[in-house]
Amino acid sequence: ELEEVEANPEDTFSAIDRLRDLVVEHPGDYEVRSLLTGLLSMLQRFEEALMLQLDALERDELNPRIWFEVGSLYLSLKDMDEARIALNRSLELEPNQPNAHARLATVAMESGDGVEYVRQMLEAMHDDPRDAEMPAYIAGFLYRLELIEQADDFHSIVDSAAPTSDLAYLLDLLRGVA
């Protein structure tokens, strides 16, 4: 149903109105809030989506998924301090979340902390060792720093997991430039 909404922008606004009504009717239904948050984010209405998630947080302050969404929205709003707080809280409640670590890596990069970026990406890799994206991001970062030997270690993980992927091809290009 969401795919249909994305295909027809006019339906997007009617879906938002309907989902808003459903949130009022069923304030504790997090799935409805999540769908509405996704649509609002798609339209880059991050403040509105954040208010929706903060309201959900008041209802369920121990839900790691809500804390993750709040952190992601703060990240979209470029509020790195609040994003870090919310994402760390999400990880306190549910430690093995590769996406939360990846978002914290983005916060670190946006804050100019490359060491923390790599540390968070390594945590994400630990939480989901089959995902080729995390080692690809680390390899790309290291190639840009011209740390070729170190980057090659992560590049080989990507090559073994997804040798014909766009990520592997991009890393080949980055290695060539480095």
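Located above this text is the structure these notes cover.
Conventions and cut-offs
Residues numbered from 1 in each chain as written. Predicted model: local features only at pLDDT ≥ 70, side-chain atom pairs only at ≥ 80, totals over all residues. Heavy atoms only, no water. Helix = DSSP H or I, 4+ residues; strand = E, 2+ residues; numbered from the N terminus. Expected span 1.5 Å × (residues − 1). Buried < 20%, exposed > 50% of the residue type's maximum accessible area, 1.4 Å probe, protein only. Arc of directions from axis to C-beta. Axes fitted to C-alpha atoms, helices over the stretch in contact; angles between N-to-C directions. Parallel < 35°, antiparallel > 145°, perpendicular 65-115°, else oblique. Left-handed = near helix turned anticlockwise from the far one by under 90°. Contact = heavy atoms within 4.5 Å. Nonpolar A, V, L, I, M, F, W, Y, C, P; charged D, E, K, R; others polar.

## Topic: helix α6 (residues 80–93)
Logical step 1: Compared with an ideal rise of 1.5 Å per residue, which puts 14 residues at 20 Å, α6 spans 20 Å between its outermost C-alpha atoms and is within 8% of the ideal.
Logical step 2: The complete set of buried residues in α6 reads M80, A83, A86, L87, S90 and L91. Taken down its axis, α6 places every buried residue within 140° of arc, on the same side. In α6, those exposed residues whose orientation departs by more than 90 degrees from the buried face are D81, I85 and E92.

## Some details on the packing of α6 against helix α7 (residues 98–110)
Logical step 1: Contact geometry for α6 and α7: axes closest at 10 Å, N-to-C directions at 155°. Here α6 lies roughly antiparallel to α7, going by the angle between them. In the crossing of α6 with α7, the sense of the turn from one axis to the other is left-handed. In this structure, α6 uses M80, A83, R84, L87, N88 and L91 to contact α7, whose residues at the interface are A100, H101, R103, L104, V107 and E110.
Logical step 2: For the contact of α6 with α7, the per-class residue count stands at seven nonpolar, two polar and three charged.

## Side note on the side chain of T37
Logical step 1: Turning to its location among the elements, T37 is positioned in helix α3 (residues 30–42).
Logical step 2: Dropping the residues within four chain positions of it, T37 is found in contact with A49, L52, Q53, E69 and L73.

## Focus: the packing of α3 against helix α4 (residues 46–59)
Logical step 1: Put simply, α3 and α4 touch, their axes get as near as 8 Å, and they point 160° apart. Viewed along their axes, α3 and α4 adopt a mutual orientation that is roughly antiparallel. As α3 packs across α4, the resulting crossing turns out to be left-handed. Here Y30, R33, S34, L36, T37, L40 and S41 of α3 come into contact with α4, specifically with F46, E48, A49, L52, Q53, D55, A56 and R59.
Logical step 2: For the contact of α3 with α4, the class distribution of residues is seven nonpolar, four polar and four charged.

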